[in-house]
Amino acid sequence: MSAAVVLATDRLVAGYSAEVDILNGVSIALTAGEVVCVIGPNGAGKSTLMKAVFGLVRPKAGQIVLNGRAISGLRPSAIARLGMGYVPQRDNVFQSMTVTENLELGALPHPGIAVRSRMGELFDLFPRLAARRRQVVGTMSGGERQMVAMARALMPRPEVLLLDEPSAGLAPLLVEAMFDQVAAINRAGVSILMVEQNARRALEISHRGYVLDLGRNRFEGEGRALLQDARLAELYLG
Ligand SMILES: Nc1ncnc2c1ncn2[C@@H]1O[C@H](COP(=O)(O)OP(=O)(O)O)[C@@H](O)[C@H]1O
Ligand SMILES: [Mg+2]
């Protein structure tokens with residue numbers, strides 16, 4: 001029995017202007033329980049893919065399907081209500097607010113969430129944040145801020161979490177802690193689609209990976225298989 005596909009794009013075309021397409025027909029799939037990473041050179045369209053999936057960039061062609069339902073053209077707020085969370089590459093926390101306030105804001109558009117108990121669950125998942133719940137986020141380390149951003153996105157109990165370069169700008173030790181945290185979120189039952197520059201480390205913790213280049217699929221496979229692929233190593237793993 002094969003597990004259900006929770007999120008898929010099919011030949012997705014998208015861009016920021018009528019003339020230029022950044023995604024030239026990208027097809028990816030995320031199965032329930034998986035961590036899938038998307039790697040590829042700078043400018044390949046990885047962030048654009050995440051933005052299109054979350055409804056921030058309107059697709060020009062192709063399909064995006066969440067749990068069997070076409071979501072292309074829906075607004076981010078509607079997509080979030082259908083069970084998707086998104087942590088952008090930058091500006092993903094409110095710097096002048098505390099950890100608790102950031103998490104409360106994550107639940108705000110979702111009136112059904114029991115805020116206190118959900119926060120308690122997330123403090124169990126992110127012990128570093130539990131100890132710092134009243135700290136203003138702008139005074140925290142980059143790694144801690146990234147955890148706040150992930151916890152905020154998890155407040156509404158999304159089934160699928162999109163992470164855009166969670167390790168960007170983190171010192172090596174913090175990168176390890178961040179990837180451990182991603183694995184822990186996945187073990188808690190969240191399917192994860194993650195874009196990463198840190199391709200080797202990301203593939204190590206991912207069930208499967210996709211390589212994008214120039215807005216097209218280049219390679220795909222199990223994380224381990226991609227790590228051992230000589231063509232990939234030469235071109236994309238550095
Ligand atoms: N807001 C935007 N407006 C116009 N072009 C953009 C915008 N964001 C990204 N691009 C362009 O889209 C291409 C892909 O960018 P991006 O998806 O951010 O790549 P990656 O995340 O793989 O580095 C790049 O050529 C970039 O300049
Ligand atoms: Mg990017």
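Residues numbered from 1 in each chain as written. Chains lettered and ligands numbered in written order. Predicted model: local features only at pLDDT ≥ 70, side-chain atom pairs only at ≥ 80, totals over all residues.

Enquirer: Which parts of the structure should I look at to understand the overall build of the protein chain?
Expert: Looking only at helices and strands, the protein chain has 10 helices and 10 strands in total. For a compact globule of 238 residues, the expected C-alpha radius of gyration is about 18 Å, and the protein chain comes in at 17 Å, within 12% of that figure. If one aligns the C-alpha atoms of the protein chain with their principal axes, the spans along those axes are about 45 × 40 × 35 Å. Looking at the protein chain as a whole, 42% of its 238 residues qualify as buried. (Helix = DSSP H or I, 4+ residues; strand = E, 2+ residues; numbered from the N terminus. Rg over C-alpha atoms; globule rule 2.2 N^0.38 Å. Buried ≥ 20, exposed ≤ 12 C-beta atoms within 10 Å, placed from the backbone.)

Enquirer: Before we go on, may I ask you to explain the pairing of strand S1 (residues 5-14) in this structure?
Expert: For a regular strand, side-chain orientation follows a simple rule: the groups alternate between the two sheet faces. Here seven bridges tie S1 to strand S2 (residues 23-31), and the two strands are oriented antiparallel to one another. When the bridges of S2 are listed, threonine 9 appears paired with isoleucine 28. Note: S1 against strand S4 (residues 61-66), five bridges, orientation antiparallel. Bridge pairing links valine 13 to alanine 61 in S4. (Pairing = 2+ DSSP bridges.)

Enquirer: Sorry, what's going on with the site of ligand 1 here?
Expert: Contacts to ligand 1 come from Tyr16, Ile22, Gly40, Asn42, Gly43, Ala44, Gly45, Lys46, Ser47 and Thr48. Of the residues belonging to the shell around ligand 1, the class tally is three nonpolar, six polar and one charged. (Near = placed C-beta within 6 Å. Nonpolar A, V, L, I, M, F, W, Y, C, P; charged D, E, K, R; others polar.)

Enquirer: For this particular structure, what's the right way to read the packing of helix H3 (residues 99-107) against helix H6 (residues 142-154)?
Expert: Two packed helices can be described by the angle between their axes and the distance between those axes. Remark: H3 packs on H6, axes separated minimally by 7 Å, with the N-to-C direction vectors making an angle of 35°. In this structure, H3 meets H6 at a crossing whose hand is right-handed. Contact with H3, carried on its side by Val99, Asn102, Leu103, Leu105 and Gly106, involves Val148, Ala151, Arg152 and Ala153 of H6 and no other residues of that element. (Axes fitted to C-alpha atoms, helices over the stretch in contact; angles between N-to-C directions. Left-handed = near helix turned anticlockwise from the far one by under 90°. Contact = placed C-beta atoms within 7 Å.)

Enquirer: Would you take a moment to explain the nonpolar core for this structure?
Expert: One broad trend across soluble globular proteins is that nonpolar side chains are buried collectively. Ranked by internal contacts, the top residues of the largest apolar core, which has 68 residues, are Ala151, Leu161, Leu162, Ile192 and Met194. Sort the elements by how many residues they give to this core and H6 lands first, with seven residues. The contacts of leucine 161, once residues within four sequence positions are left out, are Gly85, Ala153, Leu154, Ile185, Val190 and Ile192. (Core = buried A, V, L, I, M, F, W, Y, C linked by C-beta atoms within 7 Å.)

Enquirer: How should the sheet that holds S1 be read in this particular structure?
Expert: In sheet architecture, strand pairing relies on hydrogen bonds along the backbone and comes in two forms, parallel and antiparallel. What the four strands build is an open sheet, ordered S2-S1-S4-S5; its pairing is antiparallel. In the strand order of this sheet, the two ends are held by S2 and strand S5 (69-70), each with one partner. As defined by bridge partners, S4 adjoins S5 across two bridges and the pair is classed as antiparallel. Paired with valine 65 across the bridge in S5 is alanine 70.

Enquirer: Just to check I follow, could you spell out helix H1 (residues 46-53) for this structure?
Expert: For an α-helix, 3.6 residues make a turn, and residues three or four places apart therefore share a direction. Within H1, eight of the eight residues are buried, leaving the element largely enclosed by the surrounding structure. For H1, the set of buried residues is Lys46, Ser47, Thr48, Leu49, Met50, Lys51, Ala52 and Val53. Glycine 55 lies just past H1 and shows a positive phi near 85°.

Enquirer: I tried to follow the sheet that holds strand S10 (residues 216-222) on my own but got confused; where do I start?
Expert: An order of S6-S7-S8-S3-S9-S10 is seen for the six strands of this open sheet, with the pairing classed as mixed. Two strands close off the open sheet at either side, each with one partner strand: strand S6 (84-87) and S10. Neighbour to neighbour, the strand axes of the sheet diverge by 15° on average, direction disregarded. Sheet topology note: the strand S7 (residues 160-164)/strand S8 (residues 191-195) ladder contains five bridges and is parallel. In the strand pairing of S8, aspartate 164 is matched with valine 195. Taken strand by strand, H6 contacts S6 and S7, and its axis lies near 160° from that of S6.

Enquirer: Explain the packing of H3 against helix H4 (residues 115-125) here, please?
Expert: Running from amino to carboxyl end, H3 crosses H4 at an angle of 120°, the nearest separation of the two axes being 10 Å. Accordingly, the angle class assigned to the pair H3 and H4 is oblique. Handedness of the crossing formed by H3 with H4: right-handed. Between H3 and H4, the contacting residues are Leu103, Glu104 and Ala107 on the first element and Val115, Arg118, Met119 and Leu122 on the second. Here the residues of the contact of H3 with H4 are counted per class, giving five nonpolar, no polar and two charged. (Parallel < 35°, antiparallel > 145°, perpendicular 65-115°, else oblique.)

So far we have only geometry, and geometry alone does not tell us how the molecule works.
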